[in-house]
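Take a look at the letters that make up each chain.
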Amino acid sequence: MRLLLTLLICLPLLSNEKIDLNLEPLQPITKNKTLNIKKIKLGEKLFFDKRFSKDNSISCASCHIIEKAGVDNLKSSTGVGGKKALMNTPSVLNSSNNFVQFWDGRVKSLEEQIDGPIHNTVEMNTNWIDIIEKLKQDRVYIKLFKEIYNEELNTLNIKNAIVEYEKSLITPSRFDRYLLGDNTAISQKEKKGYALFKSYGCTSCHQGKNIGGNLYQKLGVFKQYFQNENMQNLGRYNILKTPNSKHVFKVPSLRNIALTYPYLHDGSIKTLEAVIQLMGNYQLGRKIPKEDILKIEAFLNSLTWEKLEKSSNEN
């Protein structure tokens, strides 16, 4: 019965038949056309402004590098004074489609998320009073906030502009074109990888338009993954303090996953191949053969933002 179901799920992907999105666990992502362009440009300017850190050394973009798919490819990012963050930096790309923010889901909105790194002593180590005081010395900001918000810059409208920019960071890929009917957008190997991605059960956690980012899951479903109980590894337990919340994390989006290494909350896994193997072992209770891993990896590569994919190919 299970084999029959797998064949029924995968058959359309290996043919030229049109995909029925109602039957697909993954959905195409689309740009938000209702955003305010002026706010986006202002938010981008703020996102790259190093005055958001205590010593004017780092900006949001220092750790969330757009050209690197919204991360810095470090195990842990460097904050003010060379201090190291506790958790691996999640991508800012498509973050507006996450149901909560941070690995432990401690805030629900992007507006709330901004407060985290600003007040964190190993990241930006500052506060809104100091930030606003610095930004108010900038005549360009004074002019822009007056034009766009019809008021002086303040915490609320600064956050609003940054979030408007972050909402614009949506990354359609070749796979989205495939879902929308372009059967030539991905290769046969990538199609087979997607079929395997579904048949192995990866879509039980990674589904929807963000291919994740919409639920919590324990790391170590089928067997114990962690060997120690430090704060970094406790996940939701740091928030809820309940036994069943130990080692539970927000499931990350797999969009641009080929570029957002190293992997997991602690940045401990260096390659995509290794993390696929790990997920099969600990999350699915299965040993995935090397040939299947390579096909799944090929599929995951098709989730890269076409803008970044083209740039990478040109280099």
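I will try to describe carefully the structure that is included in this document. (Residues numbered from 1 in each chain as written. Predicted model: local features only at pLDDT ≥ 70, side-chain atom pairs only at ≥ 80, totals over all residues. Heavy atoms only, no water.)

1. So, the packing of aromatic side chains
As a reminder, the rule being used: Ring geometry is summarised as follows: Phe, Tyr and Trp rings, the Trp one being its six-membered ring, pair when their centres sit within 6.5 Å, and such pairs are stacked at plane angles under 30 degrees, edge-to-face over 60 and tilted between the two. Labels follow the DSSP assignment, with helices taken as runs of H or I lasting at least four residues and strands as runs of E lasting at least two, numbered in each case from the N terminus.
Tallied over the full model, the rule gives 14 aromatic pairs. Between Tyr-141 and Phe-145, the ring centres sit 6.3 Å apart and the planes meet at 55°, which makes this aromatic pair tilted. Of this pair, Tyr-141 and Phe-145 both sit in helix H6 (residues 139-149), separated by 4 residues, roughly a single helical turn. Put simply, the rings of Phe-175, Tyr-178, Tyr-194, Phe-197 and Phe-299 touch in pairs and so form one group of aromatic residues.

2. What to know about unusual backbone geometry
Going from Tyr-261 to Pro-262, the amide bond is cis rather than trans, its omega being -5°. The backbone phi angle of Asn-56 is positive, close to 60°, even though this residue is not glycine. Summarising the element assignment, Asn-56 is placed in the loop between helix H2 (37-47) and helix H3 (60-63).

3. Some points on helix H4 (residues 110-119)
One full turn of an α-helix is made of 3.6 residues, so residues set three or four places apart face in the same direction. Basically, it comes down to this: Relative accessibility under 20% of the residue-type maximum defines a buried residue, over 50% an exposed one, and the middle range a partly exposed one, all with a 1.4 Å probe and only protein chains included. Arc definition: directions from the helix axis to the C-beta atoms. Note on contacts: a residue pair is in contact if any heavy atoms of the two residues lie within 4.5 Å.
Residues of H4 that are buried: Leu-110, Gln-113, Ile-114, Pro-117 and Ile-118. In a view along the axis of H4, the buried residues occupy a sector of 140°, so they form one face of it. Elements in contact with the buried residues of H4: helix H5 (128-135) and helix H7 (155-167).

4. Some thoughts on the pattern of salt bridges
Worth spelling out the cut-off: A pairing counts as a salt bridge when a side-chain nitrogen of Lys or Arg comes within 4 Å of a carboxyl oxygen of Asp or Glu.
On inspection of all chains with the given rule, the structure shows 14 salt bridges. Here Lys-143 makes a salt bridge to Glu-147, at a shortest N to O gap of 2.7 Å. Taken together, the positions of Lys-143 and Glu-147, both in helix H6 and 4 residues apart, correspond to about one turn of that helix. Close ionic contact of Asp-182 with Arg-177 constitutes a salt bridge, the shortest N to O distance being 2.8 Å. On the basis of relative accessibility, which here comes to 25%, the residue Asp-182 falls in the partly exposed class.

5. Section: the nonpolar core
This is how it is decided: Nonpolar cores were defined as sets of buried Ala, Val, Leu, Ile, Met, Phe, Trp, Tyr and Cys residues, with membership established by side-chain atoms within 4.5 Å.
In terms of nonpolar packing, the biggest core is built from 36 residues, with Phe-175, Phe-197, Tyr-225, Leu-272, Phe-299 and Leu-300 touching the most fellow members. Put simply, the parts of the chain that give this core at least two residues each are helix H8 (174-179), helix H9 (188-199), helix H12 (272-282) and helix H13 (290-301). With 5 residues, H12 is the largest single contributor of residues to this core. Excluding anything up to four places from it in sequence, Phe-197 contacts Leu-26, Cys-202, Thr-203, His-206, Leu-254, Ile-296, Phe-299 and Leu-300. Core analysis: the second largest hydrophobic core is formed by 34 residues, Cys-60, Leu-93, Ile-158 and Tyr-165 among them.

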